[in-house]
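So the chains spell out like this:
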Amino acid sequence: MAGKYYVSITGLTLKSPLHYPRFAYHSIPSMQQAQTAAGNISASGTYRDGVLHTLSVWEDKQSMRKFLVAGAHMQAMKVSDAVSTKTGTKVYGYTTDTIPTMDEAIALWKTNGTRHGKLVKPETDSPSGNKMLKTMLPLALISLLTIFYAAS
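Every value quoted in this text rests on a predicted model; they were computed, and no experiment measured them.

In this section: the packing of aromatic side chains. Evaluated as defined, the whole model comprises one aromatic pair. Measuring from centroid to centroid gives 5.1 Å for Y92 and Y94, while their planes differ by 20°, and the two rings are stacked. Lying over the aromatic face of W109, K90 brings its terminal NZ or CZ to 4.8 Å of the ring centre.

In structure tokens:
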């Protein structure tokens, strides 16, 4: 391994602000999962230049991979193409001896990030799903904003 830490920076641009409730519904539990995952050192999110970013730092790549394919994060990945623009979600992961700031990580993401996932047709939400999102919207917005602002 070339460094002490494994860093993952992700950026997603929503197709429309109307997709934010669905994004929040999945991203809040996913962030909570990351923050408590084995091997996680830190996890935070921010919104910059129209892109929703997450930055996570891990003891090793294997810890990040275990998180990546489990629980809330796996569910979030399944809807990312449905809520993101055609360029979708871009990710960049690397090893390093120092934990980057959000600004440093975003700069590396802009230069090195690659497309993740595949474009799929958005799922049609059922009427009960729409009702649930409307009910969850105020809580989801407050929770997500709290996570993002606390991390900034």
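Following the structure, the description resumes.
Summarising the element assignment, G50 is placed in the loop between strand 2 (40-48) and strand 3 (51-58). Exposure remark for G50: the relative accessible area of 30% places this residue in the partly exposed category. C-alpha separation for the pair G50 and L12, spaced 38 residues apart in sequence, amounts to 8.7 Å. Those residues within four positions of G50 in sequence are excluded, and the remaining contacts are L12 and T13.

Note that strand 2 and strand 3 share eight bridges and pair antiparallel. Within the sheet, the bridge partner assigned to T46 lies in strand 3 and is H53. In sequence, strand 2 turns back onto strand 3 through a hairpin of two residues, with D49 there showing a positive phi of about 50°.

This part takes up helix 4 (residues 102-112). Within the span of helix 4, buried status applies to M102, A105, I106 and W109. Here the buried residues of helix 4 occupy an arc of 100° about the axis, which is enough to place them on one side. The exposed residues of helix 4 that point more than 90 degrees off its buried face are D103 and T111. Elements in contact with the buried residues of helix 4: strand 1 (5-14), strand 2, strand 3 and strand 4 (84-96).

A separate point is the sheet that holds strand 2. Pairing is antiparallel in the open sheet, where five strands are placed in the order 2-3-1-4-5. Two strands lie at the open edges of the sheet, namely strand 2 and strand 5 (114-116), each paired on one side alone. Ignoring which end each strand starts from, the neighbouring axes of this sheet average 25° apart. Across the sheet, helix 4 is in contact with strand 1, strand 2, strand 3, strand 4 and strand 5; its angle to strand 4 comes to roughly 115°.

Residue pairs three or four apart in sequence face the same way in an α-helix, which turns once every 3.6 residues. For helix 1 (residues 20-36), with 17 residues, the first-to-last C-alpha span of 24 Å sits near the 24 Å given by 1.5 Å per residue. Within helix 1, burial applies to Y20, P21, R22, F23, A24, H26, S27, I28, S30, M31, Q33 and A34.

The residue T89 is located in strand 4 in this model. Here T89 falls in the buried class, since its relative accessible area comes to 4%. When near neighbours in sequence (up to four residues on either side) are disregarded, T89 contacts T10, G11, L12, S80, S84, T114, R115 and H116.

Counting residues in hydrophobic clusters, the biggest one holds eleven residues: Y5, V7, I9, V51, L55, V57, Y94, M102, A105, I106 and W109. Mapped onto this core, the elements with two or more residues apiece are strand 1, strand 3 and helix 4. At four residues, helix 4 tops the list of elements feeding residues into this core. Beyond its immediate sequence surroundings of up to four residues, V57 is in contact with Y5, Y6, V7, G39, N40, I41, S42 and I99.

The rules we used
Within each chain, residues carry numbers counting from 1 in the order of the written sequence. Only residues with pLDDT of at least 70 get local features here, since the model is predicted, and only at 80 or more are side-chain atom pairs given and counted; chain-wide, interface and lining totals rely on the full set of residues. Computation of side-chain values covers all heavy atoms of the structure but excludes hydrogens and water. Within 6.5 Å between ring centres, the rings of Phe, Tyr and Trp (the latter by its six-membered ring) count as paired, and their orientation is classed by plane angle as stacked under 30 degrees, edge-to-face over 60, tilted in between. Criterion for a charge above a ring: Arg CZ or Lys NZ at most 6 Å from the ring centre, at most 35 degrees from the ring normal. Numbering of helices and strands starts at the N terminus; helices are DSSP runs of H or I of at least 4 residues and strands are runs of E of at least 2. Think of it in three bands: with a 1.4 Å probe and only protein chains considered, a residue is buried below 20% of the maximum accessible area for its type, exposed above 50%, and partly exposed in between. Any two residues whose heavy atoms approach within 4.5 Å at even a single point are treated as in contact. Two strands qualify as a pair provided that DSSP identifies no fewer than 2 bridges between them. By arc we mean the arc of the directions from the helix axis to the C-beta atoms, nothing more. Between the N-to-C directions of two axes lies an angle of 0 to 180 degrees, each axis being a line fitted to C-alpha atoms and, for a helix, fitted only over the stretch in contact. One fewer than the residue count of a helix, multiplied by 1.5 Å, yields its expected span. Each nonpolar core is a collection of buried residues, namely Ala, Val, Leu, Ile, Met, Phe, Trp, Tyr and Cys, held together in the definition by side-chain atoms within 4.5 Å.

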